[in-house]
4 protein chains.
Amino acid sequence: MSTKDFIKKIFFASIVHANMLIKQKIIPRKDGLKIIKGLKRIEKEINKNKFKFKEQFEDIHQNIEKRLFQIIGESAGYLHTARSRNDQVVTDFKIWVKESSEDIMISLDNLIKRILNKAEKNIDTVMPGFTHLKNAQPVSFAHYLLAYIEMLIRDKKRFANNIVLIDECPLGSAALAGTSFNIDRKFTAKKLGFKKPTNNSIDSVSDRDFAIDFLSASATCAMHLSRLAEDFIIFNSEAFGFVEFRDKVLTGSSIMPQKKNPDPAELIRGRTAINYGNLNSMLTIMKGLPISYYKDLQDDKELVFDSYDTLKDSLLMAIELIENLNAKKNNMKNMAQKGYTTATDFADFLSMKKKLPFRTGYNISSKLVNYAEKKKIRLDQLSKKEINKFVKEVDINIPKMFDVVNSMNSKTSFGGTSAKNVKRMIVKYRKELK
Amino acid sequence: MSTKDFIKKIFFASIVHANMLIKQKIIPRKDGLKIIKGLKRIEKEINKNKFKFKEQFEDIHQNIEKRLFQIIGESAGYLHTARSRNDQVVTDFKIWVKESSEDIMISLDNLIKRILNKAEKNIDTVMPGFTHLKNAQPVSFAHYLLAYIEMLIRDKKRFANNIVLIDECPLGSAALAGTSFNIDRKFTAKKLGFKKPTNNSIDSVSDRDFAIDFLSASATCAMHLSRLAEDFIIFNSEAFGFVEFRDKVLTGSSIMPQKKNPDPAELIRGRTAINYGNLNSMLTIMKGLPISYYKDLQDDKELVFDSYDTLKDSLLMAIELIENLNAKKNNMKNMAQKGYTTATDFADFLSMKKKLPFRTGYNISSKLVNYAEKKKIRLDQLSKKEINKFVKEVDINIPKMFDVVNSMNSKTSFGGTSAKNVKRMIVKYRKELK
Amino acid sequence: MSTKDFIKKIFFASIVHANMLIKQKIIPRKDGLKIIKGLKRIEKEINKNKFKFKEQFEDIHQNIEKRLFQIIGESAGYLHTARSRNDQVVTDFKIWVKESSEDIMISLDNLIKRILNKAEKNIDTVMPGFTHLKNAQPVSFAHYLLAYIEMLIRDKKRFANNIVLIDECPLGSAALAGTSFNIDRKFTAKKLGFKKPTNNSIDSVSDRDFAIDFLSASATCAMHLSRLAEDFIIFNSEAFGFVEFRDKVLTGSSIMPQKKNPDPAELIRGRTAINYGNLNSMLTIMKGLPISYYKDLQDDKELVFDSYDTLKDSLLMAIELIENLNAKKNNMKNMAQKGYTTATDFADFLSMKKKLPFRTGYNISSKLVNYAEKKKIRLDQLSKKEINKFVKEVDINIPKMFDVVNSMNSKTSFGGTSAKNVKRMIVKYRKELK
Amino acid sequence: MSTKDFIKKIFFASIVHANMLIKQKIIPRKDGLKIIKGLKRIEKEINKNKFKFKEQFEDIHQNIEKRLFQIIGESAGYLHTARSRNDQVVTDFKIWVKESSEDIMISLDNLIKRILNKAEKNIDTVMPGFTHLKNAQPVSFAHYLLAYIEMLIRDKKRFANNIVLIDECPLGSAALAGTSFNIDRKFTAKKLGFKKPTNNSIDSVSDRDFAIDFLSASATCAMHLSRLAEDFIIFNSEAFGFVEFRDKVLTGSSIMPQKKNPDPAELIRGRTAINYGNLNSMLTIMKGLPISYYKDLQDDKELVFDSYDTLKDSLLMAIELIENLNAKKNNMKNMAQKGYTTATDFADFLSMKKKLPFRTGYNISSKLVNYAEKKKIRLDQLSKKEINKFVKEVDINIPKMFDVVNSMNSKTSFGGTSAKNVKRMIVKYRKELK
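Not measured: the values here are computed from a predicted model.

(A) Spotlight on the domain arrangement of chain A. Residue and element names in this part refer to chain A. Structurally, chain A comprises domain 1 (3-78), domain 2 (85-121 + 141-326) and domain 3 (338-433). Averaged C-alpha coordinates put domain 2 and domain 3 at centres separated by 42 Å. Regarding the contact of domain 2 and domain 3, the summed buried area is about 1,000 Å², with carbon and sulfur atoms giving 68% of it. Our enumeration of links across domain 2 and domain 3 arrives at one salt bridge. Summed over the shared surface of domain 2 and domain 3, the result is four residue pairs in polar contact (both at pLDDT 80 or more). Where the side of domain 2 that touches domain 3 is concerned, the elements lending two or more residues are helix H4 (85-120) and helix H5 (141-165). Among the residues making up the side of domain 2 that touches domain 3, the classes are represented as seven nonpolar, two polar and five charged.

(B) A look at the pairing of strand E1 (residues 126-131) of chain A. Residue and element names in this part refer to chain A. In terms of burial, E1 is largely enclosed, as six of its six residues are buried. Looking at chain direction, E1 and strand E2 (residues 134-140) are connected through six bridges and run antiparallel. Residue Gly 129 lies in a different strand from E2, and its bridge partner there is Gln 137. Where E1 hands over to E2, the hairpin turn is made up of two residues, of which His 132 adopts a positive phi near 60°.

(C) Layout of a positive patch on the surface. Together, Lys 40, Lys 44, Lys 48 and Lys 50 of chain A make up a region of like positive charge exposed at the surface. Its location among the elements puts Lys 40 of chain A in helix H2 (residues 29-47).

(D) The packing of helix H5 (residues 141-165) of chain D against helix H17 (residues 419-433) of chain D, seen in detail. Residues and elements named next belong to chain D. In contact at an axis separation of 11 Å, H5 and H17 are set at 30° when each is read in the N-to-C sense. Between H5 and H17, the angle is such that the two are roughly parallel. Both H5 and H17 take part in a crossing whose hand is left-handed. Counted together, Ala 142, His 143, Leu 146, Ile 149, Glu 150, Ile 153 and Lys 156 of H5 and Val 422, Met 425, Ile 426, Tyr 429, Glu 432 and Leu 433 of H17 form the full contact between these two elements. A per-class count over the contact of H5 with H17 returns nine nonpolar, one polar and three charged.

(E) Main features of the interface of chain D and chain C. With 99 residues of chain D at the contact, the number on the chain C side is 99 residues. Together, the buried faces of chain D and chain C total about 8,400 Å²; carbon and sulfur atoms form 56% of this surface. Here chain D and chain C share 55 residue pairs in polar contact (both at pLDDT 80 or more) between them. Of all the elements, helix H8 (residues 209-235) of chain D adds the most residues to the side of chain D that touches chain C, at 13 residues. Here the residues of the side of chain D that touches chain C sort into 40 nonpolar, 35 polar and 24 charged.

(F) Quick look at the pattern of salt bridges. The full count for this structure, using the stated rule, is 128 salt bridges over all chains. We note a salt bridge from Lys 375 of chain B to Glu 386 of chain B, for which the minimum N-O separation is 2.9 Å. Taken as a pair, Lys 375 of chain B in helix H13 (residues 358-375) and Glu 386 of chain B in helix H14 (residues 384-388) lie far apart in primary sequence, eleven residues in all. Judged by its relative accessible area of 44%, Lys 375 of chain B falls in the partly exposed class. Glu 386 of chain B gets classed as buried once you look at its relative accessible area, which sits at 9%. Asp 184 of chain C is paired through a salt bridge with Lys 23 of chain C; the nearest N and O atoms lie 2.9 Å apart. In this pair, Asp 184 of chain C is assigned in the loop between strand E3 (168-169) and helix H6 (185-191) and Lys 23 of chain C in helix H1 (residues 2-23), connecting sequence segments 161 residues apart.

(G) Structural context of the packing of aromatic side chains. Per the counting criterion, the structure on display carries 94 aromatic pairs over all chains. When the ring of Phe 130 of chain C is compared with that of Phe 240 of chain C, the centres are 5.7 Å apart and the planes differ by 70°; the resulting orientation is edge-to-face. Within this pair, whereas Phe 130 of chain C is found in strand E1 (residues 126-131), its partner Phe 240 of chain C is found in the loop between helix H8 (209-235) and strand E5 (243-245), the two being separated by 110 residues in sequence. For Phe 240 of chain C, a relative accessible area of 3% corresponds to the buried category. Ring geometry for Trp 96 of chain D versus Tyr 308 of chain D: centroids 5.4 Å apart, planes at 75°, classification edge-to-face. Note that Trp 96 of chain D is positioned in helix H4 (residues 85-120) and Tyr 308 of chain D in helix H10 (residues 300-323), a separation of 212 residues in sequence. The buried category is assigned to Trp 96 of chain D, whose relative accessible area is 1%. If you follow Lys 301 of chain D out to its NZ or CZ, it ends over the ring of Phe 93 of chain D, 5.2 Å from the centre.

(H) How the structure looks around the packing of helix H12 (residues 343-353) of chain A against helix H13 (residues 358-375) of chain A. Residues and elements named next belong to chain A. Viewed as axis vectors pointing N to C, H12 and H13 meet at an angle of 140°, and their least axial separation amounts to 8 Å. Taken together, H12 and H13 sit at an angle that is classed as oblique. Like other packed secondary-structure pairs, H12 and H13 cross with a definite hand, here right-handed. Residues Ala 343, Phe 346, Ala 347, Asp 348, Leu 350 and Ser 351 of H12 lie in contact with H13, whose contacting residues are Phe 358, Gly 361, Tyr 362, Ile 364, Ser 365, Leu 368 and Val 369. When the residues that make up the contact of H12 with H13 are grouped by side-chain class, the tally is nine nonpolar, three polar and one charged.

(I) Region of the structure containing the environment of Lys 328 of chain D. Counting through the fold element by element, Lys 328 of chain D comes out in the loop between strand E6 (325-327) and helix H11 (329-336). On the accessibility criterion, Lys 328 of chain D (30% relative accessible area) is partly exposed.

(J) Summary view of the nonpolar core. Counting 521 residues, the largest nonpolar core has Tyr 144 of chain A, Tyr 144 of chain B, Tyr 144 of chain C together with Tyr 144 of chain D as the members making the most contacts within it. Once residues within four sequence positions are removed from consideration, Tyr 144 of chain C is found in contact with Met 127, Leu 228, Asp 231, Phe 232 and Phe 235 of chain C together with Ile 202 and Ile 291 of chain D.

(K) Structural view of the relation of the copies chain D and chain C. Of the transformation placing chain D onto chain C, the axial shift is 0.0 Å and the rotation is 180°, giving an RMSD of 0.0 Å. Taken together, the rotation and translation describe the operation of a two-fold axis. Comparing interface residues between copies, 100% of those in chain D also sit at the interface in chain C, which points to an isologous, same-surface contact.

What counts as what
Residues numbered from 1 in each chain as written. Chains lettered and ligands numbered in written order. Predicted model: local features only at pLDDT ≥ 70, side-chain atom pairs only at ≥ 80, totals over all residues. Heavy atoms only, no water. Domains from an automatic or database assignment. Buried area = accessible area lost by both parts, 1.4 Å probe. Salt bridge = Lys/Arg side-chain N within 4 Å of Asp/Glu carboxyl O. Polar contact = N/O pair within 3.5 Å; in protein donor to acceptor, adjacent residues only side chain to side chain. Helix = DSSP H or I, 4+ residues; strand = E, 2+ residues; numbered from the N terminus. Nonpolar A, V, L, I, M, F, W, Y, C, P; charged D, E, K, R; others polar. Buried < 20%, exposed > 50% of the residue type's maximum accessible area, 1.4 Å probe, protein only. Pairing = 2+ DSSP bridges. Patch = residues over 30% accessible without salt bridge, like charges linked within 9 Å, V, L, I, M, F, W, Y side chains within 5 Å. Areas by Shrake-Rupley, 256 points an atom, 1.4 Å probe, with all protein chains shown as cover. Lys, Arg positive; Asp, Glu negative; His and termini not counted. Charge placed at Lys NZ, Arg CZ, Asp CG, Glu CD. Axes fitted to C-alpha atoms, helices over the stretch in contact; angles between N-to-C directions. Parallel < 35°, antiparallel > 145°, perpendicular 65-115°, else oblique. Left-handed = near helix turned anticlockwise from the far one by under 90°. Contact = heavy atoms within 4.5 Å. Phe/Tyr/Trp six-rings, centres within 6.5 Å; stacked < 30°, edge-to-face > 60°. Lys NZ or Arg CZ within 6 Å of the ring centre and 35° of its normal. Core = buried A, V, L, I, M, F, W, Y, C linked by side-chain atoms within 4.5 Å. Least-squares fit on C-alpha atoms with pLDDT ≥ 70 in both.

Set out below in structure tokens:
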């Protein structure tokens with residue numbers, strides 16, 4: 001698919017180039033029009049798999065030129081005026097990267113929408129928030145999901161920034177020095193969808209920053225998905241049991257009859273490494289390469305195409321996972337009650353009501369936890385008398401104090417996990433999407 | 001140095017936090033003011049190397065809190081109200097990265113200026129442009145240098161984009177859930193130089209995108225410098241002899257009395273690998289990490305500090321190299337005349353004057369080169385009679401046709417290497433810098 | 001520490017070199033002995049921090065030579081006969097890497113011993129083995145631990161192989177061409193602990209394979225530890241509760257009074273990325289470097305020292321974790337009973353007793369699991385009548401059939417998890433260690 | 001190609017497994033023989049492209065099992081007795097990696113032979129040895145080439161070590177716990193070409209060390225080739241002109257009629273990055289993966305196959321380059337005379353003949369070079385009188401003293417560049433090859 005799209009760009013850019021040569025009277029109009037017609041025919045041949053690539057011609061570009069000669073004769077010789085494969089190939093590639101970045105942004109929006117839908121249904125679903133994978137504080141499952149939306153929005157910004165950075169057209173830089181033909185680079189730049197032509201012909205044929213930028217944004221995005229995947233794999237274990245997936249996204253075992261494995265999540269996680277490897281390879285190719293064109297650059301496309309395919313697949317798999325996910329609310333709530341997740345609330349309470357320094361409240365709460373741990377009870381199972389051993393004269397509603405939903409909803413600071421906050425954020429994200 | 005700067009951020013952020021707590025009446029004014037005074041004193045102690053870090057306290061933050069207790073007593077316990085190390089540390093780090101990005105941008109400007117100065121003196125210096133390290137076409141040494149300015153300008157844009165992306169303050173996200181204290185996150189965000197507070201408390205303590213963005217922009221920038229370094233190492237070889245450096249940037253050999261090695265260029269080139277490795281490490285740390293805070297994140301600072309130091313040094317070394325570089329113009333011109341670098345000009349000429357298709361002109365020129373190669377002469381040493389064997393009735397001024405300076409100055413297309421273009425670009429870059 | 005050790009090698013190699021020069025009558029005996037005495041004095045100065053490094057001298061080697069001149073006068077000038085820093089530095093470095101590899105192997109043995117001790121106490125501890133983090137089949141916790149011993153033994157082999165590969169001494173290759181002095185390279189090689197001198201002087205000063213080999217073996221070893229760490233982090237979560245650690249290896253939270261986080265496990269996991277990054281950097285430095293010595297190589301030591309320190313620390317932390325780990329056997333067993341982990345045993349049973357093709361037995365067992373799942377009961381809670389619905393006339397002891405300990409102990413194939421096997425393996429590993 | 005070979009291994013391993021099941025009387029002989037016949041038929045179908053892979057079956061293994069059912073009916077159900085895809089797939093993969101390692105070793109031998117042939121013809125060809133790409137000392141071009149043989153021999157050792165490390169067969173580990181069937185793992189191990197079965201069933205299905213070892217050895221080998229490629233690219237530039245290649249390995253430009261670019265060398269150099277990226281990806285996949293099988297591992301094959309193909313191609317291209325390379329001996333010798341490459345010889349001479357400390361001789365030679373540099377003459381153009389200004393009463397044959405061939409041949413220390421040494425080494429390498 002990627003390759004096919006790339007071939008489309010090749011023809012598109014050649015036709016624009018031919019039109020410019022005609023307009024500038026650099027080549028005869030008649031020959032120019034023949035060229036354009038010929039190119040369109042070859043493109044169709046390729047699309048219908050009727051084009052025969054010949055090994056003896058070095059690459060796709062030479063193959064097309066040779067075929068053009070077969071079809072329209074000597075007029076074909078006018079096409080390569082005032083250009084080189086060096087500027088041609090980087091132009092085609094830049095167009096492809098630009099459009100593929102836009103395409104990824106659309107997939108990101110689709111994933112965001114799915115997460116929003118899931119979040120909407122789980123605003124009041126309380127789960128233990130984790131740090132160090134240890135139960136930390138009660139949070140809303142929706143709030144947890146929205147954290148991923150923040151990451152994906154940053155991803156979109158990264159791809160958007162890249163599109164701005166890429167917006168200069170190298171066509172007309174020729175081999176590396178520019179050309180003495182009276183070409184109109186602003187015309188070709190505009191027609192090919194770029195804001196303007198590049199400033200320096202040597203840089204134009206040497207530069208692959210845009211490939212690195214694409215690979216880098218893809219690597220970071222894949223990393224975000226890998227974290228989501230890891231969370232889902234853990235949440236889907238028998239021990240956690242926070243989520244379950246529809247059979248559609250699960251896979252069996254060839255030997256164990258009972259197994260239902262969340263393969264897509266593992267593929268997303270593993271393939272992040274492919275996105276990393278491609279970035280690493282591209283940076284390594286460029287390191288210490290003298291400027292202007294070298295054949296080392298040839299593998300740029302394979303790396304970028306592969307990263308695009310990999311990321312796109314991972315985004316689609318993430319969408320599938322989210323759509324087929326069911327939150328097991330009881331398990332989440334039960335787990336939220338383990339591990340003394342409201343101990344901080346008690347410290348905060350002491351700080352607010354008793355005007356104690358936070359560190360003092362923290363120390364009292366710490367002792368209370370130790371006491372409860374030894375007695376193997378939860379904090380809400382403590383009596384007022386027991387609490388008074390640690391802090392005197394404290395007016396406290398014990399069940400409410402240590403209730404995980406209360407705790408969650410008390411976090412009303414901007415960006416905090418209270419249901420009210422979460423609702424407001426969902427509205428905000430929805431608005432930004434359309 | 002980096003570490004020292006980071007400690008500054010720690011105190012700055014704590015003082016702003018304390019001020020907010022006072023303003024919001026979350027802690028008593030009196031205690032809050034004591035805290036601020038105490039923090040300032042500790043900062044001074046650290047700056048004067050009078051602060052004793054104690055291993056038994058986990059980290060710098062605990063050390064500071066313990067010392068604060070020693071100085072101001074129980075009031076110190078109020079400082080950590082409504083915050084956690086999780087949000088604190090990421091806030092300090094973000095501030096550091098933001099300022100360091102600005103710092104790198106200044107160094108980039110300095111390097112650009114030095115290159116501009118050198119380019120200005122070499123507008124008419126003709127050298128062979130290379131592709132595949134084979135002589136390709138004559139270009140201006142200034143035009144060659146300006147190619148690097150294009151790269152460095154893209155680097156600046158990348159760091160500038162990062163600064164926009166980083167512009168949300170995580171302080172107040174507490175451990176991961178937000179807080180029930182009535183904090184004012186907009187106040188702290190603004191005071192700490194951020195545009196606004198972060199939207200999601202879980203994402204806030206998990207996110208290290210900004211570190212990756214810094215490492216990624218640094219890696220690409222280092223890559224650009226490595227290409228410059230590679231070019232200089234090659235140009236400085238006895239075989240090329242295009243440039244020479246002042247002794248200041250050269251190093252001798254312990255055994256070979258004659259050696260003068262361009263060590264800084266090699267260090268720049270080699271250390272690019274350090275910038276790559278750090279990016280690679282940070283991405284690897286983040287891959288598959290469940291969200292919210294994990295100790296895995298601890299090494300984020302070491303990686304970023306090291307990449308900053310490495311890149312900063314490389315930029316300074318690049319400045320030194322440019323300043324101490326002398327172009328050996330005769331050698332450049334002599335080499336430009338080797339390798340039939342004006343063969344394309346002849347093909348273009350046939351295309352323009354004889355209205356031949358470019359490919360036909362190319363083929364004629366190709367035969368001419370083969371003929372000259374066999375005779376072991378340059379193209380400008382051919383007679384009109386000899387040329388007429390390959391193409392008839394051609395009105396040609398042979399010395400001018402094959403002159404490397406003429407060739408260079410004929411490339412007047414936008415972005416091309418003609419002296420006129422180069423002059424115009426230098427003016428443009430100067431204007432953009434100031 | 002690493003650096004200090006490296007300085008030791010520098011003096012050691014210089015003294016051996018001087019002895020050889022005396023033996024071969026290349027330098028006067030008297031001057032040679034002065035040199036050796038002088039070097040020993042300088043080494044002591046360095047060890048006592050009384051040596052002043054001067055920035056104006058390029059590196060440690062020049063500093064030492066200058067100081068030697070101060071101490072013994074012109075005789076110092078004889079030391080650098082028939083050698084260059086190029087061969088000197090790679091010799092010192094190779095010695096360091098060899099000894100550090102041996103050192104890592106000792107730490108690996110220490111870790112293996114700790115794991116063996118822990119395994120010995122858990123031969124009969126049944127836990128769910130996981131694939132895809134879903135309960136798969138019951139396994140012995142000891143068997144699980146021994147899997148790590150297999151990895152660590154492979155690590156040892158890797159470092160041992162490296163030690164063989166490194167065993168050629170480059171000293172005497174001089175700058176890159178060898179020397180015309182009548183040196184005895186076999187003598188220096190032997191005295192410095194190498195098997196023989198290197199074969200090719202150019203390769204000798206260019207080669208950094210041994211650094212890459214060290215970094216590569218370290219990366220793989222760190223990877224193994226990262227998997228152990230990940231397992232422990234997951235097992236230590238409230239949801240799993242398979243293991244608990246003594247407070248000694250746990251860390252608290254600055255805000256949450258109840259938290260006890262397994263920081264060392266997270267550090268081990270995260271720092272694997274440092275080992276990876278260093279390997280990546282070294283490979284990148286070497287890529288496309290023309291042969292013989294370049295300053296790019298200078299950072300080889302920093303990368304290798306850092307990987308050594310990181311891996312050594314991780315090994316020590318892993319030892320600490322194992323020593324302070326307590327298996328919560330009840331939790332493990334309870335979890336082993338969830339997720340129908342004996343479904344494969346039933347399929348195997350049908351295959352053995354009823355001579356059904358395995359796939360047929362698998363399908364029957366699969367239906368049985370679905371039935372039990374819907375009824376929300378375990379397999380051992382099924383009645384014979386219920387089972388007969390799925391397969392007729394089956395003579396089965398239900399509690400035994402589905403018992404997790406029975407299942408575990410039935411895996412008597414070589415390498416399987418039965419207690420008998422595990423015991424035998426522990427004996428085998430113990431024997432191999434001593 | 002790689003994939004096809006892998007499919008061969010799949011059938012091979014299944015047939016061996018079936019034979020073992022028959023031998024152990026685990027499955028009926030009759031059904032077992034049907035299975036083997038059926039498998040052979042399917043293999044033929046695949047080889048003739050007559051096999052239809054169906055997307056609805058998860059992978060190649062399920063496809064084969066389903067087809068087996070079509071061909072031989074219910075007997076097919078006996079094949080998967082006592083095994084899982086988890087152990088099956090890693091067994092197939094290990095066999096492939098073992099054989100591919102042997103295959104690479106053969107290619108390495110082929111390249112070594114080509115280099116030896118080229119070296120043999122260039123024992124007396126003097127060229128400047130470089131450090132920092134600056135002329136250092138005269139060396140034999142053969143000696144330079146032999147440096148690469150040293151690297152390639154180390155590569156062979158690395159692959160050979162891997163073959164020893166890989167030599168344990170995982171088949172029979174089943175899903176992860178082993179099996180209760182009375183299988184004979186020693187039988188299958190032996191028949192599949194392994195030394196013995198693996199020791200631990202959990203490790204067996206989790207372990208991908210062998211893939212990393214292959215990728216790591218490939219990365220280092222590719223790095224060596226990249227250095228050769230870089231050298232050739234530089235030596236092939238117009239400025240150096242040390243080597244020329246036959247047109248067969250050169251490529252033209254689409255715009256510049258005169259260009260002949262050494263594309264294969266650039267491809268070798270660039271694609272090293274692919275080998276690095278794959279290693280990086282595999283390490284990243286494994287980092288922090290809990291033990292036993294996860295779908296993350298699925299991409300292991302793609303990475304290893306790609307690294308094999310890439311390295312194999314690079315080795316073939318390197319062979320092509322060497323075979324089509326012509327050393328331009330005059331250019332090499334001329335360049336060897338530039339840059340005062342015999343200055344060290346003069347310092348050595350003073351040290352030997354005048355018994356001066358080397359550092360004193362070095363300083364005198366240094367002054368001599370400065371003097372000659374200012375006069376813009378070579379050292380052999382100095383008069384005895386001029387030399388006596390720097391060192392008195394020196395009995396010196398000036399032309400011989402500073403002759404580059406003399407210098408080269410004086411380096412008779414073991415591993416040095418004298419023609420005598422080089423000849424001896426060539427004989428040694430030839431002997432070791434056969």
